Amino acid sequence: LYRPTHKVFIICTCVELDIGHTIASLPSSPTAMPHLLTHAPPPAPPSTSTSTSAGGGGPAEEEEEEVTTKKRCRYWLPNKRRLCANTPLPLSRFCGNHEPTAEARRIPCPIDPSHSVSGENLKSHVKRCPFKKQAQVLESQPYYSKGINSGSGGDGKDDAVGSAAKRNAIFRMSVQEFHGLLGKIKLIHSAISTVLPHSYLVPDACSKWLNQRLDRKLPFQEKHAMQQASIIGNIEAFGMLQKPKDLTNPFCQECDGSDDVDRDESRVSAVVEFGAGRGYLTHMLTDCYGIKQAFLVERKSYKLKADRSLRQNQSIILERLRIDIADLNLDEVHFLKGLRHLAIGKHLCGPATDLTIRCCLNREYNQSKETHSTSSHLQGIALATCCHHLCQWKHYTNTKFLLSLGITEEEFHAMTWFTSWAVDADHSSELSDVSHQETNLSTM
């Protein structure tokens, strides 16, 4: 993605799909894959028949244990290897949580869909939902705007396309249609593969983290630290971030150029991390490059170890916004007004990447008429994507481009489902003979 006034790049996780090998083993209809369409029932509890071991209890103890078992819910918990300990409902063998008929009547909470509630208790639950006050506080914030970055597929559909629908889009294809889609994918990939080189860069400024010379209260995992360092290295190589003044002493607070940062208008003074999670990417960036203002955007709640470590540095201003990226109006975040900033993200699942691009480039996508826009102070966007199978057509930022290449909405969702095939089986054997592939596909 390129804009003349912005430096924007996306770090993608690329996978090679052995399509022929995978499709050769793909059934012809969803009914041939019942394990993908239905949930297996929980395993039955082991037999309750008792046997008296040597030195074991007598008949009285066995009778007491049997009475206690009858007072429990009969739902077997496979992970705990025991029955549910809750009391069953009157005239039922199960408790309220595991009653089959009650489960069918449960609906997502309208305040926070992360939990559900029974239909008959919905009205009373909404009045006392613990997330209600939190939602009210969020909606009163000036930067909250429901669905401002959601986008639209142009057909008026608002429902997300689930895994079953994406899977069925593949099953509905004929062999010829499938080969046609593969041809489009290969043609597009061959055209862009030369301009998307593999780039793994680790800057010297990140040696403090990579050598584990950091706050020991922070957990260190080499894999994540190397990923974070490479993201920062590519940002620096792309010209969006300047090297710190002193690389020989990353601990020196007096010679990190912080005073010069305030005076030099070409330097970045703030960073916004989308899908921040625990905030370790921002922590590395502020530690190694002397950025003094950090803003973390995350809709979930995490243990804030990185936050606590950053707040111990009195020269750093840290703000955490607990909000969905789809509802964030970045122009109304008063902390960012007038600040030259970077937008970063690591592991932005599925459509979160598209939501972030819309959020940062709101003037382009939302036709903002505001005289002030944070996008005018944006120095660049660096995003590492993941979970491509969750991508949605209605959120995608450039559907016109895909349509110009002949990729329809249904084909787009089928392509997103392909991405999981590289990690769900052994695709080491290659079927290079196209005629052999067609023979295998014709037997589906």
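Going by the annotation in an unreviewed UniProt entry, the name recorded for the protein is tRNA:m(4)X modification enzyme TRM13, with Musa troglodytarum given as the source organism. Database annotation for the protein, UniProt heading Function (unreviewed entry): "tRNA methylase which 2'-O-methylates cytidine(4) in tRNA(Pro) and tRNA(Gly)(GCC), and adenosine(4) in tRNA(His)." For the record of the protein, the UniProt heading Sequence similarities (unreviewed entry) holds the text "Belongs to the methyltransferase TRM13 family."

Let us now look at the pairing of strand β8 (residues 317–321). Sheet topology places strand β7 (residues 293–297) next to β8; five bridges connect them, and they run parallel. Its bridge partner lying in β8, V297 is registered against L321. In this region the chain leaves β7, passes through helix α13 (residues 305–311) and returns to the parallel neighbour β8; the handedness of that crossover is right-handed.

All right, on to the packing of helix α10 (residues 222–237) against helix α12 (residues 280–289) then. Two numbers describe how α10 lies on α12: the axes approach to 10 Å, and their chain directions differ by 55°. By the angle between their directions, the pair α10 and α12 is classed as oblique. Here α10 runs over α12; the crossing is right-handed. Note on element contacts: α12 touches α10 through Y280, L281, M284, L285 and Y289, opposite A225, Q228, A229, I232 and E236. Split into classes, the residues belonging to the contact of α10 with α12 amount to eight nonpolar, one polar and one charged.

We now examine the environment of A225. Along the chain, the position of A225 falls in helix α10. We classify A225 as buried; its relative accessible area is 3%. Considering only alpha carbons, one finds A225 and Y280, 55 residues apart in sequence, at a separation of 8.7 Å. Not counting the four nearest positions on each side in its chain, A225 is found in contact with L210, F220 and M284.

Soluble, globular proteins show a tendency: their nonpolar side chains are buried together. Residues I232, I235, L241, M284, L285 and Y289 are the most contacted members of the largest nonpolar core, which totals 28 residues. Among the elements of the structure, α10, α12, β7, β9 (341–349) and β10 (378–386) are those that each provide at least two residues to this core. Setting aside residues no more than four positions away along its own chain, L241 makes contact with I232, I235, E236, L285, Y289, I291 and L342.

Take the state of the cysteines next. All told, the structure shown has zero disulfides when counted by the stated rule. The structure places no disulfide on C129, whose sulfur is separated from the nearest cysteine sulfur, that of C109, by 4.0 Å.

Bringing a positive patch on the surface into the picture now. Residues R278, K303, K305 and R308 make up a contiguous surface patch of positive charge. Structurally, the position occupied by K303 is in the loop between β7 and α13.

The subject of this paragraph is the packing of aromatic side chains. For the structure shown, the criterion picks out four aromatic pairs. Ring geometry for Y396 versus F412: centroids 5.4 Å apart, planes at 50°, classification tilted. With Y396 in the loop between β10 and α16 (399–404) and F412 in helix α17 (residues 409–418), this pair connects stretches of sequence that are 16 residues apart. Residue classification places F412 among the buried positions, given a relative accessible area of 7%. One aromatic cluster is present, built from ring pairs that chain together W393, Y396 and F412.

Once that is clear, we can look at the pattern of salt bridges. By the definition in use, this model includes four salt bridges. The closest approach of N and O atoms between D324 and R299, which form a salt bridge, is 3.2 Å. One end of the pair, D324, is in the loop between β8 and β9; the other, R299, is in the loop between β7 and α13, and 25 residues separate them in sequence. On the basis of relative accessibility, which here comes to 24%, the residue D324 falls in the partly exposed class.

This brings us to the UniProt feature "domain: CHHC U11-48K-type" (unreviewed entry) in the protein. Cross-referencing UniProt, the feature "domain: CHHC U11-48K-type" (unreviewed entry) maps to residues 106–133 in the present numbering. As annotated, residues 106–133 comprises 32% helix and 21% strand, and the C-alpha atoms at either end are separated by 22 Å.

Within β7, five of the five residues are buried, which leaves the element mostly enclosed by the surrounding structure. Side-chain alternation along β7 places Q293, F295 and V297 on one buried face and A294 and L296 on a second face that is also buried. Examined bridge by bridge, strand β6 (residues 270–274) and β7 share five bridges and lie parallel to one another. Along β7, the bridge assignment pairs F274 with V297. Running through α12, the crossover from β6 to the neighbouring parallel element β7 is right-handed.

Rules behind the numbers
- Residues numbered from 1 in each chain as written.
- Predicted model: local features only at pLDDT ≥ 70, side-chain atom pairs only at ≥ 80, totals over all residues.
- Heavy atoms only, no water.
- UniProt positions renumbered as here; feature names shortened; annotations may be inferred.
- Pairing = 2+ DSSP bridges.
- Helix = DSSP H or I, 4+ residues; strand = E, 2+ residues; numbered from the N terminus.
- Right-handed = clockwise from strand over helix to strand, strands pointing away.
- Axes fitted to C-alpha atoms, helices over the stretch in contact; angles between N-to-C directions.
- Parallel < 35°, antiparallel > 145°, perpendicular 65-115°, else oblique.
- Left-handed = near helix turned anticlockwise from the far one by under 90°.
- Contact = heavy atoms within 4.5 Å.
- Nonpolar A, V, L, I, M, F, W, Y, C, P; charged D, E, K, R; others polar.
- Buried < 20%, exposed > 50% of the residue type's maximum accessible area, 1.4 Å probe, protein only.
- Core = buried A, V, L, I, M, F, W, Y, C linked by side-chain atoms within 4.5 Å.
- Disulfide = S-S within 2.5 Å.
- Patch = residues over 30% accessible without salt bridge, like charges linked within 9 Å, V, L, I, M, F, W, Y side chains within 5 Å.
- Areas by Shrake-Rupley, 256 points an atom, 1.4 Å probe, with all protein chains shown as cover.
- Salt bridge = Lys/Arg side-chain N within 4 Å of Asp/Glu carboxyl O.
- Lys, Arg positive; Asp, Glu negative; His and termini not counted.
- Charge placed at Lys NZ, Arg CZ, Asp CG, Glu CD.
- Phe/Tyr/Trp six-rings, centres within 6.5 Å; stacked < 30°, edge-to-face > 60°.

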